[in-house]
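Reading the structure
Chain residues, written in single-letter form:
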Amino acid sequence: MRSHTEIETIGVIGAGTMGHGIAQVAATTGYDVVMRDIEQEYVDRGLDSIEESLSRLVSKERLTAAEKAATIDRITGTTAMADLSACDLVIEAAVENMEIKQSIFEELDAVVDSDVVLATNTSTLSITTIAAATERQELVIGLHFMNPVPIMKGVEVVVGERTDDAVVDLAHELAVEMGKETWESDDKPGFVTNRILMPWINEGIRAYDEGVASKDDIDRGMTLGTNVPMGPLTLADHIGLDICLNASETLYDELGDRYKPAYLLKRKVEAGDLGKKTGRGFYDY
């Protein structure tokens, strides 16, 4: 296994919301980054999103123009998995689908050196099952960044059945270097965050659907009553209702009825109202 000080280039699989956020934070920290997705248009979209995010930081004087330019220069976009061959660590942030993740990890296992740690940003899926697709199960770990990655301070470190203790230490060190704070979870369904968060969001949706209160009052009641920054409906819109539904369905399959997705959540997703990213969810954007 490569030590923390030996890591110079980080690979990121996926250029979507989580992937390009992780790539941005890694590059801002000073790492060279190779960001890979399956289509060039997805890569380009991810690079454009990074440029926009960095520009906002410059306008808020949290970053200089020179730092922005240096960060962008450190990121290489690609559609070829082979371009990750020289990476010292890889973080996968692809779609939440076990077959897809296992396929990616099987391919990565053959592409990168045998001492390279492979991390997954999964929010609900088993680290142990993902790792089983490789010949390096002891070097596979969960690094669950929170959305939006450049802003949120938290990273959940998830330990698989065979994850080596040194890999766990490396994961914490890397996240802290990127300006994050960490907590650790065993490889149980939903880990810490989504195991608790998804029932909270679903109950907020049910309360709205059953007429307990208006959506504004539900969110206002939770922000003022529990000191959270966003109520459940606003937060669901920001996460993406499709992502919330996918996570809830995974937990429902694993843990039973208490995680059953709210009917209104399913209906919104079926209508294509996925939240902020589509301009309409529980609120209009």
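Starting afresh in each chain, residues are numbered from 1 along the sequence in its written order. With the structure being a predicted model, the display of local features is reserved for residues of pLDDT at least 70 and the display and counting of side-chain atom pairs for 80 or more, all residues being used for whole-chain, interface and lining totals. Heavy atoms throughout the structure, all of them, feed into the side-chain values; hydrogens and water do not.

As recorded in an unreviewed UniProt entry, the protein goes by the name 3-hydroxyacyl-CoA dehydrogenase NAD-binding domain-containing protein, listed as coming from Natronocalculus amylovorans.

What follows is about the packing of helix α8 (residues 215-226) against helix α9 (residues 232-239). At a minimum axis separation of 7 Å, α8 and α9 run at an interaxial angle of 100°. For the element pair α8 / α9, the angle class is roughly perpendicular. Contacts between α8 and α9 involve Lys-215, Ile-218, Asp-219 and Met-222 from the first element and Pro-232, Leu-233 and Thr-234 from the second. Every angle, taken between N-to-C directions, lies between 0 and 180 degrees, and every axis is a line fitted to C-alpha atoms, over only the stretch in contact when it is a helix. Put simply, DSSP marks the helices as runs of H or I at least four residues long and the strands as runs of E at least two long, and each gets a number from the N terminus on. If an angle is under 35 degrees, it is roughly parallel; if it is over 145, roughly antiparallel; if it lies from 65 to 115, roughly perpendicular; otherwise it is oblique. In what follows, a contact means two residues having at least one pair of non-hydrogen atoms within 4.5 Å.

On to the pattern of salt bridges, then. One side chain can pair with another of opposite charge once the charged atoms of both are near each other. Any Lys or Arg side-chain nitrogen located within 4 Å of an Asp or Glu carboxyl oxygen qualifies as a salt bridge. By the definition in use, this model includes twelve salt bridges. Ionic pairing is found between Lys-68 and Glu-51, a salt bridge with its closest N-O pair at 2.6 Å. Remark: Glu-51 occurs in helix α2 (residues 40-59) and Lys-68 occurs in helix α3 (residues 65-73); sequence separation between them is 17 residues. Only protein chains enter the calculation, and the probe is 1.4 Å; a residue is then buried if its accessible area is under 20% of its type maximum, exposed if over 50%, and partly exposed in between. Using a relative accessible area of 32% as the deciding quantity, one classes Glu-51 as partly exposed. A salt bridge links Asp-109 to Arg-136, with the nearest nitrogen and oxygen atoms 2.6 Å apart. Residue Asp-109 is found in helix α4 (residues 98-111), and its partner Arg-136 is found in the loop between α5 (127-131) and β6 (140-145); the two are separated by 27 residues along the sequence. Taken together, the shared-partner salt bridges connect Arg-2, Asp-88, Asp-113 and Asp-115 into one network.

Quick look at the side chain of Asn-121 now. You can see Asn-121 is positioned in the loop between β5 (117-120) and α5. Think of a polar contact as two N or O atoms within 3.5 Å of one another; within protein, one of them needs to be a possible hydrogen donor and the other a possible acceptor, and neighboring residues in sequence only count if both atoms come from side chains. A distance of 2.7 Å separates a polar side-chain atom of Asn-121 from the backbone nitrogen of Phe-145. Beyond its immediate sequence surroundings of up to four residues, Asn-121 is in contact with Met-18, Ile-22, Glu-92, Ala-93, Leu-143, His-144 and Phe-145.

Working rule for helices: expected span equals 1.5 Å times residues minus one. Compared with the 18 Å implied by 1.5 Å per residue over 13 residues, the 19 Å span of helix α1 (residues 17-29) between its first and last C-alpha is a close match. Counting buried residues along α1, ten of its 13 residues qualify, which places the element largely inside the surrounding structure. Along α1, the positions that sit buried rather than exposed are Met-18, Gly-19, His-20, Gly-21, Ile-22, Ala-23, Gln-24, Val-25, Ala-26 and Ala-27. The first or second residue beyond α1 is Gly-30, which carries a positive phi of 125°.

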